[in-house]
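Remarks on the overall topology
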Amino acid sequence: MIPETLKTELTARIAAAVTPREAAVDVMKELQRHYGWLTDEAVEEAALLLGLSPLQVEELATFYEMIYRRPVGKRVIHVCDSISCWAMGGEPLMAHLARQLGIEPGQTTPDGVFTLLPCCCLGNCGEAPAMLIGDTLFGRVTPESAAGILDTERKTITTAG
Ligand code: FES
């Protein structure tokens, strides 16, 4: 169940949108932020708020790769596997991250901190290979810089408690 304050805020955002569908991604992202992933309960709540059926919300959710319909770690690492990044070493980067984290792409580390996912173009092709963690976009990522980035992310989580 989401807090009343969040419900009020989302209702206002939906009212300000031209159509409820326009606000759907925003609503799903906020619910995801609240629950950690888009749970079945969140789908029901989004449907109620948006005046859509749960199935319609489900369909929209599967369309966006940044909306997670299963549990993920505290930080989701999206590694771009589109053409520019692929050409600039995206594949070895993904392999390196998987090795470093001890998981396969698509999996979450046993401590629940990182989930590693491939993704489509992040719009950062000029800085390939690129990856996205939370709202932060990283470019020209090397295995060395990736290690530093993961360390920093881990510390951020520890600091946040
Ligand atoms: S191809 Fe990777 S950011 Fe565009």
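Check the entry above for the structure.
Residues numbered from 1 in each chain as written. Predicted model: local features only at pLDDT ≥ 70, side-chain atom pairs only at ≥ 80, totals over all residues. Heavy atoms only, no water.

**Some remarks on the nonpolar core**
Judged by nonpolar contacts, the single largest core of 22 residues is most densely connected at Leu 10, Val 27, Met 28, Leu 31, Leu 38, Leu 50 and Val 57. The set of elements that each furnish at least two residues to this core consists of helix H1 (4–16), helix H2 (20–35), helix H3 (40–50) and helix H4 (54–63). Tallying contributions element by element places H3 first for this core, with six residues. Setting aside chain neighbours within four positions, we find Leu 38 in contact with Met 28, Leu 31, Gln 32, Val 43, Ala 61, Ile 67, Tyr 68 and Arg 69. Among the nonpolar cores identified, the runner-up in size contains 19 residues, and Leu 93, Met 94, Val 141 and Ile 149 belong to it. (Core = buried A, V, L, I, M, F, W, Y, C linked by side-chain atoms within 4.5 Å. Buried < 20%, exposed > 50% of the residue type's maximum accessible area, 1.4 Å probe, protein only. Helix = DSSP H or I, 4+ residues; strand = E, 2+ residues; numbered from the N terminus. Contact = heavy atoms within 4.5 Å.)

**Details of the packing of aromatic side chains**
Applying the stated criterion to the full structure yields one aromatic pair. Look at Phe 63 and Tyr 64: their rings are 5.5 Å apart centre to centre, the planes differ by 80°, and that puts the pair in the edge-to-face class. Judged by relative accessible area, Phe 63 falls into the exposed class, the value being 66%. Residue Tyr 64 is classed as partly exposed on the basis of its relative accessible area, which comes to 33%. (Phe/Tyr/Trp six-rings, centres within 6.5 Å; stacked < 30°, edge-to-face > 60°.)

**Some details on H1**
Every α-helix winds through 3.6 residues per turn, so residues three or four apart in the chain are directed the same way. Relative to the 18 Å expected for 13 residues at 1.5 Å per residue, H1 spans 18 Å between its end C-alpha atoms, a close match to the ideal helical length. Taken together, the buried positions of H1 are occupied by Leu 6, Leu 10 and Ile 14. The buried side chains of H1 occupy one side of the element, clustering within an arc of 70° when seen end-on. Among the exposed residues of H1, those oriented more than 90 degrees off its buried face are Glu 4, Thr 5, Thr 8, Ala 15 and Ala 16. Elements that come into contact with the buried residues of H1 comprise H2 and H3. (Expected span 1.5 Å × (residues − 1). Arc of directions from axis to C-beta.)

**Overview of the layout of surface pockets**
Of the voids in this model, the largest pocket is the one considered here, and its volume is about 560 Å³. Lining the largest pocket are 19 residues, with Gln 32, Arg 33, Tyr 68, Gly 134 and Asp 135 positioned closest to its centre. Of all the elements in the fold, those that place two or more residues in the lining of the largest pocket are H2, strand E1 (75–80), strand E3 (131–133) and helix H7 (143–160). For the lining of the largest pocket, the class distribution of residues is six nonpolar, seven polar and six charged. Mapped onto the domain boundaries, the lining of the largest pocket takes at least three residues apiece from domain 1 (4–63) and domain 2 (75–160). (1 Å grid on protein atoms, 1.4 Å probe; cavity = no way out; pocket = protein on both sides within 12 Å on 5 of 7 lines; lining within 4 Å. Points joined across faces, edges and corners; volume = space filled by probe spheres on them. Nonpolar A, V, L, I, M, F, W, Y, C, P; charged D, E, K, R; others polar. Domains from an automatic or database assignment.)

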